[in-house]
Amino acid sequence: MPGANNFSRNSYLHHPNQTKGEFFARKQKIEQRRKKLPIAAVERRLVEEVRNNDTLIIVGETGSGKTTQIPQYLFKGGFCRDGGIIGITQPRRVAAITVAKRVSEECGVPLGQKVGYAIRFEDVTSGLTKIKYMTDGLLLREALLDPYLSKYSVIIVDEAHERTIHTDVLLGLLKNVQKARSKGINEVVNTDHNNSNNGHASEGRIDNQNNGILKPGQAKKYNPLKLIIMSASLDARVFSEYFGGARAVHVQGRQFPVDIFYTHKPETDCIDAALITIFQVILATNIAETSVTIPGIKYVVDPGLVKARTYDPKMGVDSLIIVTTSKAQALQRSGRAGREGPGKCYRLYQESFFEKLTDSTLPEIKRCDLSNVVLQLKALGIDDVINFDFIEKPDRTAIVNSLWSLYLLGAVTEENKLSDVGYQMAKLPLDPVYSKALIVASQFGCLKEMLICVAMLSVESIFYAPREKLEESRNALKSFASPDGDHLTLLNVYRAADEFFQKNKMVNSEEKAEKSLRKWCKDNYINSRSLKHARDIHSQILRNVEQMGLRVTSCEDDMLLFRRCLAASFFLKAAMKQPDGVYRVTLSGLIVQIHPSSVLFRAKPECIIFNELVHTNHSYVRNVSRIDYLWLVELAPHLYALQD
DNA sequence: GAGCACTGC
């Protein structure tokens, strides 16, 4: 989110008691600053370009001000006159919030009126909102409710070069929406595909939100959609080609020169080399590549390595491995040194090594589990996901494997169509396995427990164990630990926290209760941010399941029932203990160990279900519960049979 | 007995 970075040193916060004079002085100052932005000089030209091109690629260097200014130019240029609004997507929540705040200040209006933002758990928009910043994932969700994205006259996809999975899916979707809303009303969406069934699979379904599948006849009543793809990388060609040779324009940024230094010989120990370089001066991590501005950076040290998460779709294994960076990453990293003045970048490798790096990092869609993407696309009526016009096609096996697990979860029928259960699952903002778990739990009569369990499984690690207080944190965990596994342990933590919070709220204000909950977390070696996140997710999915009409009942103390429900939900990931104490994953045959952070690390029960499989030094399973193999035979008979 | 950079609904 480069646009916001220009402003990191000056903030224009509204002070409620400022005088009129102060107000105008501030306003003038903002105007002056806006005019100084490199992009200001080309305002009229840009508005013309958007007027003349339905799709426009804007390559804006860091610091050009494109993110904050272009929406304002378009508003002024009359793109909201027909009642449509301008939507701008960002890959990160923080960017959506800070830019929206910034732009509302520049417009001199309270946030949430003309200018607003929407992210998960937070909608700061109103009927007055004309410029709406949001996360790309949120716009994808909106498409499920309004497949034509009818309220937008312009959609700007910012930071497209980051190629997050949400951005990539959104681009494909927007291409379809634009086509459906364009003048050629006889065109059908998905005409790119060979399969004539595309886009019509769910016709006749009127009982769910999916009936809004893009039909040309319906699109008639919508205005054409203007699409703007903004990227910071020099390579606009990929986007331009994808959008049928769309016009690309370049906007100058404000970047100071950065001197690049390479090492003379290969560095074998990069930490050593980094430390030496740092002492002689920041270290480039992935943080340096994002929008977070750390003021005062003049020097960047780039070890040339990155910790990257990859996913093996065949085995369903997440790996965290250290790999070399790409050229684009290296450029991004060095660029950080030149934001506020001339800078220096030390690359801890030889120049010849740089030349050998790949041009750019593999887009996320090529290296992650696709079951959610496939489910969402199907819910949007795109049944032939394999032939979907992605900007970059995921591996076929990755899609096929996602389809297979969706089929095993009952989300997809044998005819490869979304089932009723699949539609239900698509409505939930969760991993499909977790969505299914909620539906299963409503049948088992333990949805109350499963809502908590799924919320807790959806967040980063709940426990934290600082090295210096390992013993204390272990003792704290003991008070929550269940001999049956991590799922019940997480349930115990959530319940204990909630009980503490509710009691506190009876005598204190909400704010005070929140504060003492954070203290409680600290005392119990629980990550309060993760817990807060889980509580937010919990209230959101509770609302969701109530809207879906699922019965939220509790199994009370019947934990046997709950564990059976875990088996019925997570049967795709089960493992059996081997004679030598390791585990064999039932479906893949992979040999794994229980992660040392699990409460079952020592107990080693005969049969387990788990939620995560990560490969680091070993293959580990995390979030593990003890089950009975016979339950699998009973509850997932399509996959499990009696053993000899 | 582990090792966690970041992000999203």
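Below or above, wherever it landed, is the structure these notes cover. None of these values were measured; they are calculated from a predicted model. (Residues numbered from 1 in each chain as written. Chains lettered and ligands numbered in written order. Predicted model: local features only at pLDDT ≥ 70, side-chain atom pairs only at ≥ 80, totals over all residues. Heavy atoms only, no water.)

Thoughts on the environment of E612
And step 1. Relative to the elements of secondary structure, E612 occurs in strand β17 (residues 607-615).
And step 2. Between the C-alpha atoms of E612 and L457, which are 155 residues apart in sequence, the distance is 9.7 Å.
And step 3. Apart from the residues lying within four places of it in its own chain, the contact partners of E612 are Y620, V621, R622 and N623. (Helix = DSSP H or I, 4+ residues; strand = E, 2+ residues; numbered from the N terminus. Contact = heavy atoms within 4.5 Å.)

Regarding unusual backbone geometry
And step 1. We note that F121 has phi near 70°; this positive angle belongs to a residue other than glycine.
And step 2. In this structure, N623 is a non-glycine residue whose phi angle is positive, near 55°.
And step 3. Along the polypeptide, N623 turns up in strand β18 (residues 619-627).

Structural notes on the packing of helix α16 (residues 447-457) against helix α18 (residues 486-507)
And step 1. Direction vectors running N to C along α16 and α18 enclose 100°, while the axes themselves pass 9 Å from each other. Judged by the inter-axis angle, α16 sits roughly perpendicular to α18. Of the residues in α18, those in contact with E449, I452, C453, M456 and L457 of α16 are H487, L490, L491, V493, Y494 and R495.
And step 2. Within the contact of α16 with α18, the residues separate by chemical class into eight nonpolar, one polar and two charged. (Axes fitted to C-alpha atoms, helices over the stretch in contact; angles between N-to-C directions. Parallel < 35°, antiparallel > 145°, perpendicular 65-115°, else oblique. Nonpolar A, V, L, I, M, F, W, Y, C, P; charged D, E, K, R; others polar.)

A short note on the layout of surface pockets
And step 1. Counted as a void, the second largest pocket has a volume near 570 Å³.
And step 2. Surrounding the second largest pocket, 24 residues form its lining, I452, Y494, D498, Q502 and H538 being those nearest its centre.
And step 3. Looking at the lining of the second largest pocket, the elements with two or more residues in it are α16, α18, α19 (510-523) and α20 (528-547).
And step 4. The greatest single-element share of the lining of the second largest pocket, amounting to eight residues, is contributed by α18.
And step 5. Here the lining of the second largest pocket is composed, by residue class, of six nonpolar, four polar and 14 charged. (1 Å grid on protein atoms, 1.4 Å probe; cavity = no way out; pocket = protein on both sides within 12 Å on 5 of 7 lines; lining within 4 Å. Points joined across faces, edges and corners; volume = space filled by probe spheres on them.)

Here we look at the nonpolar core
For soluble globular proteins, nonpolar side chains are generally found buried alongside one another.
And step 1. By size, the foremost hydrophobic cluster in this structure holds 117 residues, and its most contacted members are L438, M450 and F562.
And step 2. With nine residues, α16 is the largest single contributor of residues to this core.
And step 3. The contact partners of F562, leaving out residues within four places of it in the chain, are C446, E449, M450, C453, L488, L491 and C555.
And step 4. Counting residues in hydrophobic clusters, the runner-up holds 31 residues, among them I86, I97, A100 and V154. (Core = buried A, V, L, I, M, F, W, Y, C linked by side-chain atoms within 4.5 Å. Buried < 20%, exposed > 50% of the residue type's maximum accessible area, 1.4 Å probe, protein only.)

Re the packing of aromatic side chains
And step 1. Considering all chains together, one arrives at twelve aromatic pairs under this definition.
And step 2. A centroid spacing of 5.0 Å and a plane angle of 80° characterise the contact between Y242 and F243, whose relative ring orientation is edge-to-face.
And step 3. When its relative accessible area of 9% is taken as the criterion, F243 is described as buried.
And step 4. Between Y434 and F570 the ring centres are 6.0 Å apart and the planes differ by 80°, which places this aromatic pair in the edge-to-face class. Linking Y434 in helix α15 (residues 432-444) with F570 in the loop between α21 (559-569) and β14 (574-577), this pair joins segments that are 136 residues apart in sequence. No difference in accessibility class separates Y434 from F570, as the two residues are buried.
And step 5. An aromatic cluster of three or more residues is present, and its members are Y262, Y349, F353 and F354.
And step 6. Its end group placed over the ring of Y242, K175 keeps NZ or CZ at 4.1 Å from the ring centre.
And step 7. Lying over the aromatic face of F501, R535 brings its terminal NZ or CZ to 4.4 Å of the ring centre. (Phe/Tyr/Trp six-rings, centres within 6.5 Å; stacked < 30°, edge-to-face > 60°. Lys NZ or Arg CZ within 6 Å of the ring centre and 35° of its normal.)

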